[in-house]
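# Working through the structure, step by step
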Amino acid sequence: MANYTNYANFNTFTVEGRISFSDVKTGRNGEFLSVTVISTLVKDGAEVDVTFTDSNALLGLFKKGYLRSGAMVTLTGRLQGVSETY
């Protein structure tokens, strides 16, 4: 049987929306920022919440007073996982 490696596809994600909530939390690796962004995917459609975390530059911006609720942001990056909660 041959050994092989599954390399990540170039799965990019871009969404624009407003920050609904942001908070600094403490985990096993220290402090991190948790941000929830609300976006409408289609005209007159329901909203979707996108939550992401950061323990680097965005955490510093939040501590300086940026990333307030209501601010319009654009998120771009690579997906590492998708989950949903009811």
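Worth saying up front: this structure is predicted, and the values here are computed from it rather than measured. (Residues numbered from 1 in each chain as written. Predicted model: local features only at pLDDT ≥ 70, side-chain atom pairs only at ≥ 80, totals over all residues. Heavy atoms only, no water.)

### Observations concerning the nonpolar core
For clarity, the threshold we go by: Throughout, nonpolar core names a set of buried Ala, Val, Leu, Ile, Met, Phe, Trp, Tyr and Cys residues whose side chains join them through atoms within 4.5 Å. Summary of the burial criterion: residues with accessible area below 20% of their type's maximum are buried, those above 50% are exposed, and those between are partly exposed, where the area comes from a 1.4 Å probe applied to protein chains only. Secondary structure elements are defined from DSSP: runs of H or I of at least 4 residues count as helices, runs of E of at least 2 residues count as strands, and each element is numbered from the N terminus. The contact criterion used throughout is that any non-hydrogen atoms of two residues lie within 4.5 Å.
Membership of the largest hydrophobic core is limited to 10 residues, which are Val-15, Ile-19, Leu-33, Val-35, Val-37, Val-50, Leu-59, Leu-67, Val-73 and Leu-75. For this core, the secondary-structure elements that each account for two or more residues are strand S1 (12–27), strand S2 (30–40) and strand S4 (72–78). Considering every element that reaches this core, the biggest residue donor is S2, with three residues. Apart from residues no more than four positions distant in its own chain, Leu-59 is found in contact with Val-24, Glu-31, Phe-32, Leu-33 and Asp-54.

### What to know about the sheet that holds strand S3 (residues 47–54)
As a reminder, the rule being used: In this description, strands pair whenever DSSP reports at least two bridges between them. Axis lines are fitted through C-alpha atoms, for helices just across the contact stretch, and the angle between N-to-C directions can take any value from 0 to 180 degrees.
Read across the sheet, four strands follow the order S3-S2-S1-S4 without closing on themselves; strand pairing throughout is antiparallel. What marks the edges here is a single partner per strand, and that holds for S3 and S4. Here the average twist between neighbouring strands, direction ignored, is 45°. As paired strands, S1 and S4 are joined by seven bridges and run antiparallel to one another. For Val-15, the partnering residue across the bridge sits in S4 and is Leu-75.

### Description of the pattern of salt bridges
Where we set the bar: Salt bridge, as used here, is a side-chain nitrogen of Lys or Arg placed within 4 Å of a carboxyl oxygen of Asp or Glu.
For the structure on display, the rule yields one salt bridge. Note that Glu-31 is salt-bridged to Lys-63, the shortest N-O span being 2.5 Å. Placement of the pair is Glu-31 in strand S2 and Lys-63 in helix H1 (residues 57–63), with a sequence separation of 32 residues. Residue classification places Glu-31 among the partly exposed positions, given a relative accessible area of 38%. A relative accessible area of 53% means that Lys-63 is categorised as exposed.

That's the geometry; what it means functionally is another story.
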